[in-house]
Amino acid sequence: QVQLVESGGGLVQAGGSLRLSCAVSGSIFSFNEMGWYRQAPGKQRELVARITSGGNTNYADSVKGRSAISRANAGKTLYLQMNSLKPEDTAVYYCNLLTWGSLYWGQGTQVTVSS
């Protein structure tokens, strides 16, 4: 059973930084893809960044240049470093994992950026 647990969210002032983490438990295929998504109140869930097992990354334009996605622990820990945070970054952040042809989601971690 694959499970994802996010952590690292919280309240931060505009201009500050946060590092989100996502821990994966269970067996995963060596070729996989992980990503961070976010959902603000009243809005659809949107991609923030994603990374393949080969290390290829891509970012949403809204976070490009001030965020970095990375993996560690044999690919079973996912990070999102976010800098220069803005109030519009306020959302619930979710990690996901595509492996063995299935898509898994964590329960999310709240990020609130105050102005």
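Below is a short write-up of the structure. (Residues numbered from 1 in each chain as written. Predicted model: local features only at pLDDT ≥ 70, side-chain atom pairs only at ≥ 80, totals over all residues. Heavy atoms only, no water.)

1. A closer look at the pattern of salt bridges
Now for step 1: Within the structure shown, the criterion is met by five salt bridges.
Now for step 2: One salt bridge in this structure joins Arg 38 and Asp 89, with 2.9 Å as the shortest N-O distance. Remark: Asp 89 occurs in the loop between strand 8 (77-82) and strand 9 (91-99) and Arg 38 occurs in strand 4 (residues 33-39); sequence separation between them is 51 residues.
Now for step 3: Using a relative accessible area of 6% as the deciding quantity, one classes Arg 38 as buried.
Now for step 4: The shortest N-O distance in the salt bridge between Asp 89 and Arg 66 comes to 2.8 Å. (Salt bridge = Lys/Arg side-chain N within 4 Å of Asp/Glu carboxyl O. Helix = DSSP H or I, 4+ residues; strand = E, 2+ residues; numbered from the N terminus. Buried < 20%, exposed > 50% of the residue type's maximum accessible area, 1.4 Å probe, protein only.)

2. With respect to the sheet that holds strand 3 (residues 18-25)
Strand pairing in a sheet is mediated by backbone hydrogen bonds. Such pairs are either parallel or antiparallel.
Now for step 1: The strand order across the open sheet formed by four strands is 1-3-8-7, and the pairing between neighbours is antiparallel. The sheet terminates laterally at strand 1 (3-7) and strand 7 (67-72), the two strands that pair on one side only. Going from strand to strand, the sheet's axes swing by 15° on average, the running direction of each strand aside.
Now for step 2: The pairing of strand 3 with strand 8 spans six bridges and is classified as antiparallel. Residue pairing in the sheet places Leu 18 in a bridge with Met 82 of strand 8. (Pairing = 2+ DSSP bridges. Axes fitted to C-alpha atoms, helices over the stretch in contact; angles between N-to-C directions.)

3. Here's the deal with the state of the cysteines
Now for step 1: Tallying each qualifying case throughout the model produces one disulfide.
Now for step 2: Between the sulfur atoms of Cys 22 and its disulfide mate Cys 95 the distance is 2.0 Å. What sets the handedness of the Cys 22 and Cys 95 disulfide is the S-S torsion sign, and at about 55° it is right-handed. Of this pair, Cys 22 sits in strand 3 while Cys 95 is found in strand 9, placing the two residues 73 residues apart along the sequence. Taken as a pair, Cys 22 and Cys 95 share a single burial class, namely buried. (Disulfide = S-S within 2.5 Å.)

4. Quick look at the packing of aromatic side chains
Now for step 1: Under the definition given, this model contains two aromatic pairs.
Now for step 2: Relative to Trp 105, the ring of Tyr 37 lies with its centre 5.1 Å away and its plane at 70°, an arrangement referred to as edge-to-face. One end of the pair, Tyr 37, is in strand 4; the other, Trp 105, is in strand 10 (residues 102-105), with 68 residues separating them in the sequence.
Now for step 3: Ring-pair connections join several aromatic residues into one group, and the members of that group are Tyr 37, Tyr 94 and Trp 105.
Now for step 4: Positioned over the ring face of Tyr 79 is Arg 19, at 4.1 Å from the centre of the ring.
Now for step 5: Its end group placed over the ring of Trp 105, Arg 45 keeps NZ or CZ at 4.6 Å from the ring centre. (Phe/Tyr/Trp six-rings, centres within 6.5 Å; stacked < 30°, edge-to-face > 60°. Lys NZ or Arg CZ within 6 Å of the ring centre and 35° of its normal.)

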